[in-house]
Amino acid sequence: MKISYREALAQDSRVFLMGEDVGRYGGTYAVSKGLLEEFGPDRIRDTPLSELGFVGAGVGAALGGMRPIVEIMTINFSLLALDQIVNSAALLRHMSGGQCAVPLVIRMATGAGRQLAAQHSHSLENWYAHIPGIRVLAPATVADARGMLAPALADPDPVVIFEHAQLYNQEDALPAERVWRACDISRAAVRRAGTRASLITYGGCLPKAMQAADALAAAGIDVEVLDLRVLRPLDLDTIAASVRRTHRVVVVDEGWKTGSLAAEIVACIAEDCLYDLDAPPRRVCSAEVPIPYARHMEAAALPQVAQIVAAVKEMLNV
């Protein structure tokens, strides 16, 4: 699952990529492999190990009319650049009265499951989804990973794209070009229709939700799977429509339950769809611990298919 750097660079001379190891090394996850040779060092820029510095440079380049793509190796390193993202990029359009746009795309790997221990296994997407002034995307399919970059670059405001590292080896046949190129970065997507309950998730948890739906279908339980895709602004209309079809909800989120995106979704459902529910919503989230290194402990800390299946069956009393 790779984002479409090559097309973006070829089609618009204002687009350039910068980040740690994106050039000669080809990117930590080989996303930019071969691009330095094809487009040269002016447009594929290796940076020093200073997220605060090179994200700030990206903000300045965007203000100057360029279309920078800034790659941060993993989400935990983005904490070093929070000031540039939250206090500069997200606010400049508002603080300039609309005079300044910051058409900046920041993408980074997120999530656990790779035995990289606590410092490299965060799921902090909700921190960014809290911030007005940025759009937050989380592709979970090959088509979305490929198709989100073009509309993100066209957005006059900053766009942050979170790619779960467990999905990088995912392969799929792309649909017709006109379909993936028209990726809607404002709407959630129903990945599987159903009537008994809604599984609402995003990013790296989508495959688990789909597997849980298969297991439940084998037991005669038909569930709907909703892929949020866009974490800010949330597509509340599609969420509400799913709840009103199924009347039961399980939200699956690799973030910690306390203060999670799952909590925000459940709160929105309570505000808008409380009387459409036939059972209290459930959340399946990571355990409230730093993610362990040992494989069996890491797996125990993360949402798993069996937990999703159990949550649905508990709601249905089966």
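Everything discussed here concerns the structure shown above.
Since the structure is predicted, the reported quantities are computational estimates derived from the model, not experimental observations.

### A closer look at the overall build of the chain
Next up, step 1: Summing up its helical and strand segments, the chain has 14 helices and twelve strands in all.
Next up, step 2: Counting only C-alpha atoms and orienting by the principal axes, one finds that the chain spans roughly 60 × 45 × 40 Å.
Next up, step 3: Every one of the 318 residues in the chain was classed for burial, and the buried ones make up 54%.
Next up, step 4: For the chain, contacts bridging at least 24 residues in sequence account for 81% of all contacts bridging at least 6.

### Here's the deal with the environment of Arg 24
Next up, step 1: As for its placement among the helices and strands, Arg 24 is situated in the loop between strand E1 (15-19) and helix H2 (35-39).
Next up, step 2: Between the alpha carbons of Arg 24 and Ile 44 there is a distance of 9.1 Å; along the sequence they are 20 residues apart.
Next up, step 3: Excluding residues within four positions of it along the chain, Arg 24 makes contact with Leu 36 and Asp 46.

### Things to note about helix H4 (residues 82-89)
In an α-helix, one full turn covers 3.6 residues, which means residues spaced three or four apart are oriented alike.
Next up, step 1: All of the buried residues along H4 are Gln 84, Ile 85 and Ala 89. Angularly, the buried residues of H4 cover 95 degrees about the axis, an arc narrow enough to put them on a single face.
Next up, step 2: For H4, the secondary structure elements touched by its buried residues are helix H3 (51-63), helix H5 (92-95), strand E4 (105-110) and helix H6 (125-129).

### Let's talk about a negative patch on the surface
Next up, step 1: On the surface, Asp 237, Glu 264, Glu 271 and Asp 272 cluster together into a patch of negative charge.
Next up, step 2: Broken down by element, the residue count for the negative patch peaks at three residues, all from helix H12 (residues 261-273).
Next up, step 3: Judged by relative accessible area, which is 44%, Asp 272 ranks as partly exposed.

### Here's the deal with the pairing of E4
Next up, step 1: Within E4, six of the six residues are buried, which leaves it mostly tucked inside the rest of the structure.
Next up, step 2: Burial along E4 is two-sided: the face carrying Val 105, Arg 107 and Ala 109 and the face carrying Ile 106, Met 108 and Thr 110 are both buried.
Next up, step 3: Where E4 and strand E6 (residues 159-164) come together, six bridges link them in parallel fashion. From the neighbouring strand, Met 108 faces E6, where its bridge partner is Phe 162.

### Some details on the side chain of Glu 298
Next up, step 1: Summarising the element assignment, Glu 298 is placed in helix H13 (residues 295-301).
Next up, step 2: Buried within the structure, Glu 298 lacks any salt-bridge partner; Arg 295 is the closest side chain of opposite charge, at an N-O distance of 5.4 Å.
Next up, step 3: In terms of polar contacts, Glu 298 uses its side chain to reach the backbone amide nitrogen of Arg 114, at 3.4 Å.
Next up, step 4: Within the structure, the side chain of Glu 298 is placed 3.3 Å from the backbone nitrogen of Gln 115, a separation counted as a polar contact.
Next up, step 5: Not counting residues up to four positions away in its chain, the partners in contact with Glu 298 are Ala 112, Gly 113, Arg 114, Gln 115, Leu 116, Ser 121, Ile 291 and Pro 292.

Basis of the calculations
- Residues numbered from 1 in each chain as written.
- Predicted model: local features only at pLDDT ≥ 70, side-chain atom pairs only at ≥ 80, totals over all residues.
- Heavy atoms only, no water.
- Helix = DSSP H or I, 4+ residues; strand = E, 2+ residues; numbered from the N terminus.
- Buried < 20%, exposed > 50% of the residue type's maximum accessible area, 1.4 Å probe, protein only.
- Contact = heavy atoms within 4.5 Å.
- Arc of directions from axis to C-beta.
- Patch = residues over 30% accessible without salt bridge, like charges linked within 9 Å, V, L, I, M, F, W, Y side chains within 5 Å.
- Areas by Shrake-Rupley, 256 points an atom, 1.4 Å probe, with all protein chains shown as cover.
- Salt bridge = Lys/Arg side-chain N within 4 Å of Asp/Glu carboxyl O.
- Lys, Arg positive; Asp, Glu negative; His and termini not counted.
- Charge placed at Lys NZ, Arg CZ, Asp CG, Glu CD.
- Pairing = 2+ DSSP bridges.
- Polar contact = N/O pair within 3.5 Å; in protein donor to acceptor, adjacent residues only side chain to side chain.

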